[in-house]
Amino acid sequence: MIRARLKKRIDHCFAQGTELGYWTEAAAGLYAVEEPKHAGQGDYATNFAMVVAGKEKKKPREVAAQLVELLAAHTDLLARVEVAGPGFVNCFLQEGVWQSVLPEICTAGDAFGKSDIGREKKVLVEFVSANPTGPLSVGHGRQAVLGDAIARLLEATGHLVTREYYYNDAGRQMRVLGESTRARYLEQLGLPFTFPEDGYQGQYIRDIAQELISEQGDRLKEVAEVAPFKEKAEQVIFADINNTLARLGIRFDNYYNEHSLYENGLVDDVIATLRAKGLVYDKDGAVWFKTTEFGMEQDRVIVKSTGEPTYRLPDIAYHREKFRRGYDWMVNIFGSDHIATVPDVLAGVKALGYDPAKVTVVIHQFVTLLRDGQQVKMSTRKANFVTVDELLDEVGPDVARFFFLMRKADSQLEFDLALATQQSQENPVFYVQYGNARLASIAKQAAAKGITRGELAEALLARLTTEEELHLLKAMAVFPALVESAAVALEPHRIVFFLQELAAHFHSYYNKHRVISEDVDLSRARLWLCEALRIVIRNGLTLIGVSAPETM
RNA sequence: GCCCUCGUAGCUCAGGGGAUAGAGCACAGGAUUCCUAAUCCUGGAGUCGCAGGUUCGAUUCCUGCCGGGGGCACCA
C-alpha cells in the first residue's frame, strides 16, 4: 500500500520529465519500484534510471539525477533520495509513513488483505475429482488443500467462486470396483469367487462386503448384475471421501457427474458439432478428433471401435458445459499424471468455439511420502498407500494443510511422516500459530494490568520507531499486494512463506522489546501494533484454511 | 525419440533481468528474577546442474546438453 503510493509519485515524475524533454515515453510502464534486499538501500528502490537510460541511450546516472531533482518536490512522503550502484534510485521515506499502516489494518480488520480486483468474475475451481473407488490418498490430499486454498484466495480478491468435484460412477473403473466387492462378499460367505485381475485390493473393500452381509445376508449371492455391489461400494466410499474432506475443512458447492453428460445427450452433441465442422472422421471403426488441426502431433480417438468413448470426449463435453454455465474463468487442479489430457481438452474447447485462454490448469507434482526415512511407493489398486484419513489421525488438519501448502505446486513435495508426527512441536505451523497465541496473551496481560489500547486515533503511533517495529510495519504493509499476486498466480504457498517470515519478525521483536511497560503511551502504541499483527496473522491463516488458536 | 516439470547451503525448499542469493532443519555455543522458552541470539556453510547466446547487467530470459520426476493408448 505504501509502495503503490510511491509508485504514483514516480509515475508523476516520469510524466513531468517527458514534458520537460528529459526523456520520451518509451519507458512508460517498464520501470519498477521494489524493496531492496539490503539495509541501507532505502525503503524502496527503483530501476527507473537504468530502464529510461536504456531506451534513451543516456547514462543511467544522469537520468537518475534528473529523477532525484523531480522527486525533491515530494518531501511529504520522502525524506531522502539517493543514487546508488549502477543507477538505482533509493528512496527513504519520511518518519511516520510506516506507522500510518496501522490505522488502515485495524480499521479493516478481517477485511484487511481482501480486495475487489476479481470484479465479481465467476470462477469455477475444479479439484479432487477422484472417482469413488477408494479412500483419498495423500496425493489427493495435496490437491484438495491446494484447490481449496486457491479458491479461498480467489474469494478474498473478489471473485465469485464455485468449488466443483467432477466424478464418474459409470465407467470401467467402477465396474471393476463392483466386481471386487462382489468377490469379497462371496469370499466372506465362504462361497467360490473369482477376484478380478485388476481388482481393488484394499481392506476397505472387505469392510464394505462385510457391511453388505450384515445388511443383506447372503441374499445377493445369486445376483448376476454387479449393480448392487457397485452402488453399495460407491455410496460407502463417497461418504468416506466427503468425511475426509470435511475433516480438512473442505466443502464443495457442486458435484458434477460425468454420467449426466451422456444422459443429457451432451456427449453425442459434441461429436455431432465437431463432425459438422469437419473436425471428426471415422477410421478403423473408431471416431477420431483432428487434433492435428490444433497443432498436435497426431489425431486422437474420441470413440473407440467398441463404441465406448475415450475419456477425452466427456471431458470436452464437461468443459463446454462450464462455458455454457457462464463461468468467466475455469481453474483446474490436476496431478502431473493427468498433464497429457490438457492439450486434448483445450483443443476440444477451441474447436467448439470457446476461448481456451479462459481455462487455467494448475499442475501439481506428486507427494513423496517418507515413513521411517524410506520412501513409500503408492498404488491405489494395491492399496499400499497412506490415506488422508490416516494422515489426519496423526497430524491433524492444521498441520496437514500447512505442510501441503509449503511447496509451490510445481515442486515435488516431500512429506516426512516422522517429522510431521513425532516432532510436531517443531512444525512451522505451530511457530506461526504460537505467534498468534502470544499476541492474544499479551492483550490479556494488558487487560489484567488495566492497560487498554484506547482510541486508535489518540494512540501515539509515532512512538513505534525501533528497527524491529519498522520491520513489522513494512512486512504487514505488503500483505494486500501479496494476497493479490498469490491469487492471480494461483500460488497459495506465498501466503505460507509470508506468515513464517512475519511470525519470525514478531518472535524476534517479542524477545527484544516489552510491549507492556511503565510507559503507558508506548504500551498503547505497541498494543495497537500487536492488534494489527494479530489481524494479519489471522487473516493469512484463514486464507490457507488453518486455525488461529488464542492459547496453545 | 518427443512433450511437461524440477535441478539453488549437508538435507527440505523459497526467490528471481539488477547492487553483498535467503529461510527452516541439522550441527556448535549462548539467553528466561519481567507480556507463553512451542521463543530468541551468535556461528560456519553456495562455481544458483554444465555450456553457449541475448543484455549496460543473467542465478533469473533463450538454445543445447546432463541428471531426477511425470506424460506421450481405441486406460482415466
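Throughout this document, residue positions are counted from 1 along each chain, in the order its sequence is written. Starting at A for chains and at 1 for ligands, labels are handed out in the order in which the entities are written. Since the coordinates come from a predicted model, pLDDT governs what is reported: local features require at least 70, and pairs of side-chain atoms require 80 or more to be given and counted, while whole-chain, interface and lining totals use all residues. Hydrogens and waters are ignored; side-chain quantities use all the structure's heavy atoms.

Engineer: Can you lay out the overall build of chain A for me, pointing to particular residues and giving the numbers?
Structural biologist: Secondary structure follows DSSP: runs of H or I at least 4 residues long count as helices, runs of E at least 2 residues long count as strands, and numbering of each begins at the N terminus. Each helix and strand in chain A was counted, giving 19 helices and 15 strands. With respect to the principal axes defined by its C-alpha atoms, chain A has extents near 90 × 65 × 40 Å. Counting over 552 residues, chain A shows a buried share of 51%. A 1.4 Å probe and the Shrake-Rupley method give the accessible areas. Residues count as covered only by the protein chains that appear here. Accessible area of chain A: about 25300 Å², with a carbon and sulfur share of 48%. Between buried and exposed lies partly exposed: a residue is buried under 20% and exposed over 50% of the maximum accessible area for its type, with that area taken using a 1.4 Å probe on protein chains only.

Engineer: Give me the layout of surface pockets: which residues, what numbers.
Structural biologist: Buriedness of a pocket was judged along seven lines, with at least five required to meet protein on both sides within 12 Å; pockets are open sets of points on a 1 Å grid over the protein atoms alone, cavities are sets where a 1.4 Å probe fits but cannot get out, and lining residues have an atom within 4 Å of a point. Grid points are joined across faces, edges and corners, and a volume is the space filled by probe spheres set on the points. By volume, the second largest pocket is sized at about 1300 Å³. Taken together, 45 residues form the lining of the second largest pocket, with Glu35, Asp43, Trp98, Lys474 and Ala475 sitting closest to its centre. Among the elements of the structure, helix H1 (2–19), strand S4 (88–93), helix H16 (467–477), helix H17 (479–489) and helix H18 (493–512) are those that each provide at least two residues to the lining of the second largest pocket. No other element matches H16, which puts 6 residues into the lining of the second largest pocket. Here the lining of the second largest pocket is built from residues that sort into 22 nonpolar, 12 polar and 11 charged. Residue classes follow a fixed rule: Ala, Val, Leu, Ile, Met, Phe, Trp, Tyr, Cys and Pro count as nonpolar, while Asp, Glu, Lys and Arg count as charged, and any other residue, Gly among them, counts as polar.

Engineer: Explain the domain arrangement of chain A residue by residue, including any values.
Structural biologist: Interfaces are often sized by the amount of accessible area the parts lose when they come together. Domain start and stop points were drawn from an automatic or database domain assignment. What the domain assignment lists for chain A is domain 1 (2–94) and domain 2 (427–543). A separation of 31 Å is found between the C-alpha centroids of domain 1 and domain 2.

Engineer: Describe the packing of helix H15 (residues 428–448) against H18, naming the residues involved and giving the relevant values.
Structural biologist: Helix axes use the C-alpha atoms of the stretch in contact, all axes being lines fitted to C-alpha atoms, and the angles between their N-to-C directions lie in the range 0 to 180 degrees. Axis separation between H15 and H18 bottoms out at 9 Å; the angle between their running directions is 45 degrees. Looking at the two axes, H15 sits oblique to H18. Considering the relative orientation of H15 and H18, their crossing is left-handed. Counting all contacts with H15, which are made through Pro428, Tyr431, Val432, Tyr434, Gly435, Arg438, Leu439 and Ile442, the residues of H18 involved are Leu499, Gln500, Ala503, Ala504, Phe506, His507, Tyr510 and Asn511. Per-class residue counts for the contact of H15 with H18 are 11 nonpolar, 4 polar and 1 charged. Angle categories are assigned with fixed cut-offs, so that under 35 degrees is roughly parallel, over 145 is roughly antiparallel, 65 to 115 is roughly perpendicular, and the rest are oblique. Crossings are sorted by hand: turned counterclockwise from the far helix by less than a right angle, the near helix makes the crossing left-handed, and turned clockwise it makes it right-handed. Whether two residues are in contact is decided by their heavy atoms: any pair within 4.5 Å suffices.

Engineer: Go over the protein's contact with RNA strand B, please, and point to the residues and values.
Structural biologist: Residues are labelled near a given molecule or strand when at least one of their non-hydrogen atoms is within 4 Å of it. The full set close to RNA strand B counts 57 residues, and Lys304, Tyr431, Tyr434, Arg438 and Ser441 are the nearest of them. Each atom of RNA strand B within 4 Å of the protein belongs either to a base or to sugar and phosphate, the latter forming 66%. In the environment of RNA strand B, a sugar or linking oxygen lies 3.5 Å from a nitrogen or oxygen atom belonging to the side chain of Arg300. Arg514 has a polar side-chain atom sitting 2.9 Å from a sugar or linking oxygen of RNA strand B. If one sorts the elements of the surface near RNA strand B by residue count, H15 sits on top with 8 residues. Classifying every residue of the surface near RNA strand B gives 23 nonpolar, 20 polar and 14 charged. Here a polar contact means two N or O atoms within 3.5 Å. Within protein one must be a hydrogen donor candidate and the other an acceptor candidate, and residues neighboring in sequence count only if both atoms are side-chain atoms.

Engineer: Tell me about the state of the cysteines, residues and numbers included.
Structural biologist: We call a pair of cysteine sulfur atoms a disulfide when they lie within 2.5 Å. Under the defined criterion, the tally for this structure stands at 0 disulfides. With no disulfide of its own, Cys106 lies 10 Å from the sulfur of Cys530, the closest cysteine sulfur. Cys530 sits in the buried class, given a relative accessible area of 4%.

Engineer: Lay out the packing of aromatic side chains with the relevant residues and their values.
Structural biologist: Ring geometry is summarised as follows: Phe, Tyr and Trp rings, the Trp one being its six-membered ring, pair when their centres sit within 6.5 Å, and such pairs are stacked at plane angles under 30 degrees, edge-to-face over 60 and tilted between the two. Scanning the model with the defined rule gives 27 aromatic pairs in all. Plain terms: the ring middles of Phe403 and Phe415 are 5.1 Å apart, the flat faces sit at 35 degrees to each other, and that makes the pair tilted. With Phe403 in helix H13 (residues 388–404) and Phe415 in strand S15 (residues 413–416), the pair connects residues that are 12 residues apart, well separated along the chain. The exposure class assigned to Phe403 is buried, which follows from its relative accessible area of 5%. Through successive ring pairs, a cluster of aromatic residues spans Phe127, Tyr165, Tyr167, Phe238, Phe252 and Tyr255. Above the ring of Phe92, the side-chain terminus of Arg80 is found at 3.8 Å from the ring centroid. When the NZ atom of lysine or the CZ atom of arginine is within 6 Å of a ring's centre and also within 35 degrees of its normal, the charge is said to sit over that ring. Lying across the ring of Tyr327, Lys122 places its NZ or CZ 4.9 Å from the centre.

Engineer: Give a description of the environment of Glu321 that names residues and reports values.
Structural biologist: If you trace the backbone, Glu321 turns up in helix H11 (residues 312–324). Given the relative accessible area of 11%, Glu321 is considered buried. For the pair Glu321 and Val51, spaced 270 residues apart in the sequence, the C-alpha separation amounts to 46 Å. With residues near it in sequence (within four places) discarded, Glu321 still touches Tyr256, Leu261 and Leu266.

Engineer: I'd like a description of the sheet that holds strand S6 (residues 160–167), backed by residues and values.
Structural biologist: Note: two strands are recorded as paired if DSSP finds a minimum of 2 bridges between them. Spatial ordering of the open sheet is given by S7-S6-S5-S11-S12, a layout of 5 strands whose pairing is parallel. Each having just a single partner strand, strand S7 (254–257) and strand S12 (359–364) make up the two edges of the open sheet. Taking the axes of each pair of neighbouring strands and ignoring which way they run, one obtains an average angle of 25 degrees across the sheet. Relative to S7, S6 is paired through 4 bridges, and the arrangement is parallel.

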